[in-house]
Amino acid sequence: MKKFYIVLTLLFATNATAQDFYAQKQNEVEFKRINQETYQLKKDIEQHAIYVRGLEKQNAELKKQVEAANKRIDDLIDLWVNFENVSLPNLVAADKALANRINETNDHIKEQTPIWNWGEESRNCPDIGKSQQVKTVNSADGMASTRYLCFDGKVLHLNTISNIPPVE
């Protein structure tokens, strides 16, 4: 029986050794698999870190562009407000002043030199051709005078032909 116990012990020892060997091999395979997964995760983390850093750089550039665009918008708004509050009223006032000066000049021309305003019509002057300007002038008494100015590079004569009441 003693032999039986020895054989049984050897059998158990062999079996235990085989199980230990099998467990060790399984552990080695599992360790390699976990090591490979860890390596792959490390590579993925590095790639993600590179991608995140690229995004951070792009974000910083976009931030600079947005700040520049906002500054430009603020400058344009300031310019527009200045134009609206200062330049536009100045232009309107200058336009009114210019219109008043033009009206004053036209009134002066009408009062002082009515013969300056020629060119309503053109028709033939005798012996010269088509170089006569016609002008109708209203007088203060309500009468109208039709004047003809003949010229050929210089005034030849100024003649008043008719005095008729103005047409209404």
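Residues numbered from 1 in each chain as written. Predicted model: local features only at pLDDT ≥ 70, side-chain atom pairs only at ≥ 80, totals over all residues. Heavy atoms only, no water.

Student: Residues and numbers for the overall build of the protein chain, please.
Tutor: Looking only at helices and strands, the protein chain features 1 helix and 4 strands. Going from the N terminus to the C terminus, the protein chain shows its helices and strands as α-β-β-β-β. Put simply, the protein chain has 168 residues, and 9% of those count as buried. Here the contacts in the protein chain between residues at least 6 apart in sequence split such that 13% fall between residues at least 24 apart. Accessible area of the protein chain: about 14600 Å², with a carbon and sulfur share of 58%. (Helix = DSSP H or I, 4+ residues; strand = E, 2+ residues; numbered from the N terminus. Buried < 20%, exposed > 50% of the residue type's maximum accessible area, 1.4 Å probe, protein only. Contact = heavy atoms within 4.5 Å. Areas by Shrake-Rupley, 256 points an atom, 1.4 Å probe, with all protein chains shown as cover.)

Student: An account of the confidence of the model for the protein chain is requested, with residue identities and associated values reported.
Tutor: On average, residues of the protein chain score 76 in pLDDT, and 57% of them reach the 70 mark or higher. Within the protein chain, strand β4 (residues 155-164) has the poorest average pLDDT of any element, 51, and helix α1 (residues 2-112) the best, 85. (pLDDT = per-residue confidence, 0-100.)

Student: Let's hear about the pattern of salt bridges: which residues, and what values?
Tutor: Overall, the coordinates contain 5 salt bridges when judged by the stated rule. K25 serves as the salt-bridge partner of E28, at 3.8 Å between the closest nitrogen and oxygen. One end of the pair, E28, and the other, K25, are both in helix α1, 3 residues apart, so they sit about a helical turn from each other. A salt bridge links R33 to E30, with the nearest nitrogen and oxygen atoms 2.3 Å apart. Taken together, the residues R33 and E30, both in helix α1 and 3 residues apart, mark about one turn of the helix. For R33, a relative accessible area of 37% corresponds to the partly exposed category. Accessibility expressed as a relative area gives 34% for E30, which makes it partly exposed. Each of E30, R33 and E37 takes part in salt bridges that share partners, so that together they form one network. (Salt bridge = Lys/Arg side-chain N within 4 Å of Asp/Glu carboxyl O.)

Student: With reference to specific residues and values, describe the packing of aromatic side chains.
Tutor: Taken as a whole and judged by the stated rule, the model has 1 aromatic pair. Taking the centre distance of 5.5 Å and the plane angle of 35 degrees together, the rings of W80 and F83 count as tilted. Of this pair, W80 and F83 are both found in helix α1, 3 residues apart, which corresponds to roughly one turn of the helix. The class of F83 is partly exposed, set by a relative accessible area of 31%. (Phe/Tyr/Trp six-rings, centres within 6.5 Å; stacked < 30°, edge-to-face > 60°.)

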